[in-house]
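Close look at the chain arrangement
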Amino acid sequence: MVSEFVMPPAFILLAGAVLLPMVPRALRSAACLIFPLAALAVVWTLPTGVQLSVEFMRYQLILSDVDALSRIFGVIFALIAFAGGIYAYHIKELGQQVAALLYAGSALGVAFAGDWLTLFIFWELMALGSTYLVWARRTSASQKAGMRYLLVHLFGGGLLLSGILLSISETGSTAIAGTLAQTSLSSWLILGGVALNAAVPPLHAWLADAYPKATVTGAVFLSAFTTKSAVYVLVRVFPGWEILIALGVIMALYGVVFAVLANDIREILAYHIISQVGYMVAGVGIGTELALNGTTAHAFSHILYKALLFMGAGVVLETTGRSKLTELGGLVKQMPVTLWLYMVGAFSISGFPLFNGFISKSVIVSAAGEAHIEWAVLLLTLASVGTFLSIGLKLPYFTWYGEDCGVRPTQPPAMMHVGMAIVASLCFLFGVMPSLLYRYLPYAMSYEPYTIPHLVEMTQIPIFTFVAFWMYRGKLTVKPTITLDTDWVYRRPAWFARTVVIGKTAGFFQVTEDVAKAAVAWVSGLFTAPPPAVVKLVSDAPEGDGGTRGVRRPNMERVITLVLACFVVVALLSYFSGG
């Protein structure tokens, strides 16, 4: 590794978050584009193998470590921060703008961190920035969801830090180097913290709970950074952990099932983050070079098409004020541009040929086939059916088609569609020219997605899924229900914790405080209005006035004289007894 001064890309966005309050309000939206572009330029031009390290106590902190894996994640993080800034150009709230730059910068920091302590600092900064994007919607539901989100991520951060500290005590080094050993407790603690951010069930419910309640633009950033930063760490230090194959397949199916049951359009998209990240987790578990390339490529593609999907859902929410399928319908004539841009994302996530999901998801499935894990190939292919059913058919049908809801949407800010168009163009560009992505993957490969068998397979799946949906669409009518998830485990007993643990404990301390105050008041009263006997001893107050009114306070000269006399007597007794 070469050691020389380089500008960590994360510092550019973090500097933007610090400097943005000093920028005139009219220029802040433009500044939110300049900083990501500057970070993207630095990421693109950093030489491979260059490190920036500093001494901290007796440890070496590597603030920037550049290789093929960190670069490709850095490129997509900076790119989506720029596209998100265009989509959110109309937002003038300083808090959201600062939080978005802080969040994106922290994700870049994770991607280029070369040691565990640096990674952990940026990891926790991500939690702060993302939490604000949930709270910034300023509804009762978003406030509660944001608090749950923060507490869950603090718990995950605790697991991660515990594993890091244990690892440092075992190895004496903070460097992130190679695959972690499966026999070490520290490795499993680190995996627990990373798995929570990757939304691996049952540690996933925070995502489906918080993302639908975030701000319209904030959800776009949320869809890009937290889970994919976790995927990056998995690729970096957990390749070949076979348990991840099973967890990834479970994620892929779990997210699809709950997406089909969901009613809120952004909740549907949130569950599909879990499902799509499942492919990546499974690819890490397979651990071959082809599988890790597929995981990296799919993370890159997913950030683009998932951001595009959340942008489309955000335009619907922004212009109608509604986000539930049961309250939408008949919007196609009023929102055709939003529909068609959304459908680019839907085709991409469903793995349609000519779109970027096709050239990335299939790499992971092919890697599973090469590793002779046939059950994973079958179940991951089955998850693709559910993806197209809910994202490509159910959501657009009940939002833009179906029965007219009577809502007449307002005109969205023009930059929202501009942001969608840029991301949609990238989804199509990488889909038709996969070499633009493949050449920058961590390992060299000669995979060809556009083979006749693969094209036939990936064309048949959506065709038969569409026929089945159209035949049974009447039975797929959504209902205004709430689907319980694993967060029920900690949300249901919340009343008990609030009333018994918190309320009763607070009540006990309140009683204790009241008793202490009463005791202090009583003692203070003794000296403010002392009993007659005390008054007669240390003051000239006459007897008979009760010692309650008009009593002079004790003569301080007499008190001091009495104390000194006591010391003299004790000293004399000590002297003569010693003699």
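Residues numbered from 1 in each chain as written. Predicted model: local features only at pLDDT ≥ 70, side-chain atom pairs only at ≥ 80, totals over all residues. Heavy atoms only, no water.

**Details of the overall build of the protein chain**
Of regular secondary structure, the protein chain possesses 22 helices and three strands. Put simply, the protein chain has 579 residues, and 54% of those count as buried. Of the contacts made within the protein chain by residues no fewer than 6 positions apart, 81% connect residues no fewer than 24 positions apart. With an accessible surface of roughly 25600 Å², the protein chain has 70% of that area assigned to carbon and sulfur atoms. (Helix = DSSP H or I, 4+ residues; strand = E, 2+ residues; numbered from the N terminus. Buried < 20%, exposed > 50% of the residue type's maximum accessible area, 1.4 Å probe, protein only. Contact = heavy atoms within 4.5 Å. Areas by Shrake-Rupley, 256 points an atom, 1.4 Å probe, with all protein chains shown as cover.)

**Regarding the confidence of the model for the protein chain**
Of the residues in the protein chain, 84% reach a pLDDT of 70 or more, and the chain-wide mean stands at 87. For the protein chain, the element scoring lowest by mean pLDDT is strand S1 (residues 2-3), at 48; helix H16 (residues 414-432) scores highest, at 97. (pLDDT = per-residue confidence, 0-100.)

**Considering the pattern of salt bridges**
Taken as a whole, this structure holds five salt bridges when the rule is applied. Between Lys213 and Asp209 there is a salt bridge, with its nearest N and O atoms 3.3 Å apart. Residue classification places Lys213 among the partly exposed positions, given a relative accessible area of 22%. Between Asp404 and Arg408 there is a salt bridge; the shortest N-O distance is 3.2 Å. Judged by relative accessible area, which is 40%, Asp404 ranks as partly exposed. By relative accessible area, which is 49% here, Arg408 ends up partly exposed. (Salt bridge = Lys/Arg side-chain N within 4 Å of Asp/Glu carboxyl O.)

**Some points on the packing of aromatic side chains**
Scanning all chains against the criterion turns up 21 aromatic pairs. Between Tyr254 and Phe258, the aromatic rings sit 4.6 Å apart at their centres with planes inclined by 20°, giving stacked as the arrangement. On the criterion of helical spacing, the pair formed by Tyr254 and Phe258 is a turn pair, its members being four residues apart in helix H10 (residues 243-261). Aromatic pair Phe355 and Phe428: ring centres 6.1 Å apart, planes at 65°, arrangement edge-to-face. Linking Phe355 in the loop between helix H13 (336-349) and helix H14 (356-370) with Phe428 in helix H16, this pair joins segments that are 73 residues apart in sequence. A relative accessible area of 40% means that Phe428 is categorised as partly exposed. Members of the aromatic cluster, connected to one another through ring pairs, are Phe73, Phe77, Tyr103, Phe221, Phe225 and Tyr232. Positioned above the aromatic ring of Tyr279, the side-chain terminus of Lys361 is 5.1 Å from the ring centre. (Phe/Tyr/Trp six-rings, centres within 6.5 Å; stacked < 30°, edge-to-face > 60°. Lys NZ or Arg CZ within 6 Å of the ring centre and 35° of its normal.)

**Re the packing of helix H12 (residues 289-320) against H16**
It is the contact of H12 with H16, at a shortest axis distance of 9 Å, that shows an interaxial angle of 150°. With respect to H16, the axis of H12 lies roughly antiparallel. Of the two elements, H12 crosses H16, and the hand of that crossing is left-handed. From H12, Phe300, Leu304, Tyr305, Leu308, Met311, Gly312, Gly314, Val315 and Glu318 reach across to H16, where they touch Met416, His417, Gly419, Met420, Val423, Ala424, Leu426, Cys427 and Phe430. (Axes fitted to C-alpha atoms, helices over the stretch in contact; angles between N-to-C directions. Parallel < 35°, antiparallel > 145°, perpendicular 65-115°, else oblique. Left-handed = near helix turned anticlockwise from the far one by under 90°.)

**With respect to the nonpolar core**
Generally speaking, soluble globular proteins have nonpolar side chains that are buried together. Judged by nonpolar contacts, the single largest core of 177 residues is most densely connected at Tyr211, Phe225 and Phe238. Considering every element that reaches this core, the biggest residue donor is H12, with 18 residues. Setting aside chain neighbours within four positions, we find Phe238 in contact with Leu180, Ser187, Ile190, Leu191, Val233, Leu244 and Val284. (Core = buried A, V, L, I, M, F, W, Y, C linked by side-chain atoms within 4.5 Å.)

**Here's the deal with the packing of H14 against helix H15 (residues 374-400)**
With their axes 8 Å apart at the nearest point, H14 and H15 run at an angle of 155° to one another. With respect to their mutual orientation, H14 and H15 come out roughly antiparallel. Helix-helix and strand crossings are classified by hand; for H14 and H15 the assignment is left-handed. Residue-level inspection shows Lys361, Val365, Ala368 and Gly369 of H14 in contact with H15, the latter providing Ala376, Val377, Leu380, Thr381 and Ser384.

**Digging into helix H1 (residues 9-19)**
Owing to its 3.6 residues per turn, the α-helix aligns residues three or four sequence positions apart on the same side. Within the span of H1, buried status applies to Pro9, Ala10, Ile12, Leu13, Leu14, Gly16 and Ala17. On its buried face, H1 sits against helix H2 (25-45), strand S3 (59-65), helix H4 (94-112) and helix H5 (116-135).

**So, a nonpolar patch on the surface**
A surface patch of nonpolar side chains, amounting to about 390 Å² of accessible area, comprises Leu354, Phe428, Leu429, Val432 and Met433. With respect to the helices and strands, Leu429 occurs in helix H16. A relative accessible area of 33% means that Leu429 is categorised as partly exposed. (Patch = residues over 30% accessible without salt bridge, like charges linked within 9 Å, V, L, I, M, F, W, Y side chains within 5 Å.)

**Points about the environment of Asp115**
Turning to its location among the elements, Asp115 is positioned in the loop between H4 and H5. A sequence separation of 53 residues divides Asp115 from Ile62, and the C-alpha atoms of the two residues are 5.6 Å apart. Here Asp115 is in contact with Gln60, Leu61, Ile62, Thr174, Ala175 and Ile176, once residues within four sequence places are set aside. Engagement of the side chain of Asp115 in a polar contact is seen with the side chain of Thr118, the distance being 2.6 Å. (Polar contact = N/O pair within 3.5 Å; in protein donor to acceptor, adjacent residues only side chain to side chain.)

**Section: the pairing of strand S2 (residues 50-56)**
Pairing of S2 with S3, which is carried by six bridges, proceeds in the antiparallel orientation. Counted as the bridge partner of Val54 is Leu61 from S3. (Pairing = 2+ DSSP bridges.)

**A word on unusual backbone geometry**
In the segment running from Pro201 into Pro202, the intervening peptide bond is cis, with an omega of 5°. Relative to the assigned elements, Pro202 resides in the loop between helix H7 (185-197) and helix H8 (205-210). Phi at Ala199 is positive, roughly 65°, even though this residue is not glycine. Within the secondary structure, Ala199 is located in the loop between H7 and H8. Positioned with a positive phi, Leu354 is a non-glycine residue whose angle comes to about 80°. Here Leu354 lies in the loop between H13 and H14.

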